[in-house]
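Residue-level structural notes
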Amino acid sequence: MGKNQVSLFGKDVLDLKYFSPEEIGLVLETAKEMKNIIHRDIKKVPTLRGKSVVTVFYEPSTRTRTSFETAGKYLGADVVNITAGTSSIVKGESLRDTMLTVQEMGFDAIVMRHKADGAAEYAAKVVDHPVIINAGDGAHAHPSQGLLNLFTLMEHKGHLEGLKVAVVGDILHSRVARSDIWGMRQMGIELHLAGPKTMMPRFLYEEPGVVIHDNVEDAIRGADAIEVLRIQLERMKAGLFPTRREYARIYGINDERLKLAKKDVLVLHPGPMNKGLEISPYVAYGEHTAIQEQVENGVAVRMALLTLVLTGGSK
Ligand code: NCD
């Protein structure tokens with residue numbers, strides 16, 4: 001298919017492994033236009049007028065849920081939120097029944113987050129009409145976060161091909177790392193991973209296009225960007241790292257370590273951050289950070305995704 005014929009109309013957004021470089025490129029291009037809308041005085045456009053979006057979140061979220069909601073609202077869609085604590089999910093309703101219920105209400109898109117790997121793929125099999133957008137399933141995938149990382153890199157570096165990106169930290173529990181691996185590799189980015197061996201899944205050693213380092217210094221040396229991952233204390237079994245202090249000393253991204261990367265290195269973090277653990281406050285708010293910008297870019301990328309899957313791209 002030629003570049004002009006790429007369409008995401010009706011496509012479930014389950015994982016970046018199902019996205020071609022052309023499709024990723026289309027999302028990034030569209031997100032650029034969407035970012036202009038966010039900067040307008042009056043942000044509302046009618047692109048998704050008459051469409052309805054529901055967010056169904058079984059796990060906590062600040063950025064992802066709110067940015068999908070905001071994205072839908074800027075585009076004129078009706079957006080409804082369902083969170084586990086205040087819905088029939090607490091009464092034990094199954095994922096299948098919740099999905100069928102929202103389908104019957106006529107929603108066009110379901111944006112969902114769930115603690116189980118593969119939950120979004122399962123939901124996509126259960127429903128016929130609404131498009132499923134995976135906003136994080138267990139440690140498996142978080143495609144819109146992968147896309148907003150790519151968008152942020154593109155904005156700063158002007159290109160993606162050939163960039164060297166280090167991803168550092170709790171890779172084991174990170175769906176963001178997995179979506180980065182799929183998305184960045186597709187776009188020709190060289191990936192360098194580092195973290196405690198106890199937090200490095202074995203299968204990654206076999207992955208093409210991914211270099212695994214024993215120490216963080218080797219991973220970030222000469223890097224164009226470093227993505228720092230949160231230590232996911234809520235998913236953690238005991239004993240994966242000795243103490244917080246030890247972790248910060250050996251793997252934490254601080255001022256000293258940053259000097260090993262390129263002069264114009266960009267620092268990313270999906271948030272929320274454990275400051276003083278995986279990242280020092282100086283780096284989190286310093287001159288190299290794009291962490292706050294990632295939040296705005298998250299809205300633009302989610303506007304792009306909703307537009308593309310619900311309308312095929314008309315503006
Ligand atoms: C990430 C997530 O939920 O996977 N956060 C996010 O979407 N902004 C990463 C994390 O929780 O550490």
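See the structure above.
Let me begin by describing the structure that accompanies this report. (Residues numbered from 1 in each chain as written. Predicted model: local features only at pLDDT ≥ 70, side-chain atom pairs only at ≥ 80, totals over all residues. Heavy atoms only, no water.)

Moving on: the side chain of glutamine 103. As for its placement among the helices and strands, glutamine 103 is situated in helix H3 (residues 95-104). Given the relative accessible area of 12%, glutamine 103 is considered buried. Aside from chain neighbours lying at most four places away, what touches glutamine 103 is Val127, Asp128, His129 and Pro130. (Helix = DSSP H or I, 4+ residues; strand = E, 2+ residues; numbered from the N terminus. Buried < 20%, exposed > 50% of the residue type's maximum accessible area, 1.4 Å probe, protein only. Contact = heavy atoms within 4.5 Å.)

The next point concerns the packing of aromatic side chains. In the structure shown here, the tally under the stated rule is one aromatic pair. Over the aromatic face of phenylalanine 19 sits the side chain of lysine 11, whose NZ or CZ is 4.9 Å from the ring centroid. For the cation-ring pair, arginine 185 lies above tryptophan 182, with the distance from its terminal atom to the ring centre recorded as 5.2 Å. (Phe/Tyr/Trp six-rings, centres within 6.5 Å; stacked < 30°, edge-to-face > 60°. Lys NZ or Arg CZ within 6 Å of the ring centre and 35° of its normal.)

Attention now moves to the sheet that holds strand E2 (residues 78-83). Picture the strands of a sheet paired through backbone hydrogen bonds; they go either parallel or antiparallel. Pairing is parallel across the open sheet formed by four strands, whose spatial order is E2-E1-E3-E4. At either end of the open sheet lies a strand with only one pairing partner, and these are E2 and strand E4 (131-137). Averaged over neighbouring strand pairs, the angle between their axes works out to 15 degrees when direction is ignored. Summarising the sheet, strand E1 (residues 52-57) and strand E3 (residues 109-114) pair through five bridges and their orientation is parallel. Across the sheet, valine 53 pairs through a bridge with alanine 109, a residue of E3. In the packing of helix H2 (residues 63-74) onto the sheet, the strands contacted are E1, E2, E3 and E4, and the crossing angle to E2 comes to about 160 degrees. Where helix H11 (residues 291-311) meets the sheet, it contacts E1, E3 and E4, and its direction lies at approximately 150 degrees from that of E4. (Pairing = 2+ DSSP bridges. Axes fitted to C-alpha atoms, helices over the stretch in contact; angles between N-to-C directions.)

With that settled, the discussion passes to the site of the ligand. With respect to spatial proximity, the complete set of residues near the ligand consists of Arg63, Thr64, Arg113, His142, Gln145, Arg175, Val176, Arg230, Gln232, Pro270, Gly271 and Pro272. In this structure, an oxygen atom belonging to the ligand sits 2.9 Å away from a side-chain N or O atom of threonine 64. Between the ligand and the protein, one listed contact pairs an oxygen atom with a side-chain N or O atom of histidine 142 at 2.7 Å. Against a free-state accessible area of 310 Å², the protein chains account for coverage of 94% of the ligand. (Near = heavy atom within 4 Å. Polar contact = N/O pair within 3.5 Å; in protein donor to acceptor, adjacent residues only side chain to side chain. Areas by Shrake-Rupley, 256 points an atom, 1.4 Å probe, with all protein chains shown as cover.)

Right, let's talk about unusual backbone geometry for a bit. With an omega dihedral of -5 degrees, the bond running from glycine 271 to proline 272 counts as a cis peptide bond. Mapping proline 272 onto the fold places it in the loop between strand E9 (266-268) and helix H10 (281-285).

A few words now on the packing of H2 against H11. The description of two helices packed together rests on the angle between their axes and the distance between the axes. Here H2 crosses H11 at 55 degrees, and the two axes come no closer than 8 Å. Between H2 and H11, the crossing angle belongs to the class labelled oblique. Considering only the axes of H2 and H11, their crossing is right-handed. Between H2 and H11, the residues in contact are Arg63, Thr64, Ser67, Phe68, Thr70, Ala71, Gly72 and Tyr74 and Val295, Gly298, Val299, Arg302, Met303 and Leu306, respectively. Of the residues in the contact of H2 with H11, the class split is seven nonpolar, five polar and two charged. (Parallel < 35°, antiparallel > 145°, perpendicular 65-115°, else oblique. Left-handed = near helix turned anticlockwise from the far one by under 90°. Nonpolar A, V, L, I, M, F, W, Y, C, P; charged D, E, K, R; others polar.)

Below, the discussion takes up the sheet that holds strand E8 (residues 225-228). Here we have five strands laid out as an open sheet, ordered E7-E6-E5-E8-E9, and parallel in their pairing. Either end of the sheet is taken by a strand with one partner, and the two such strands are strand E7 (210-213) and E9. Across this sheet, the average inter-strand angle for adjacent strands is 20 degrees, counted without regard to direction. The sheet contact formed by strand E5 (residues 164-168) and E8 spans four bridges and is parallel. Bridge pairing links alanine 166 to isoleucine 226 in E8.

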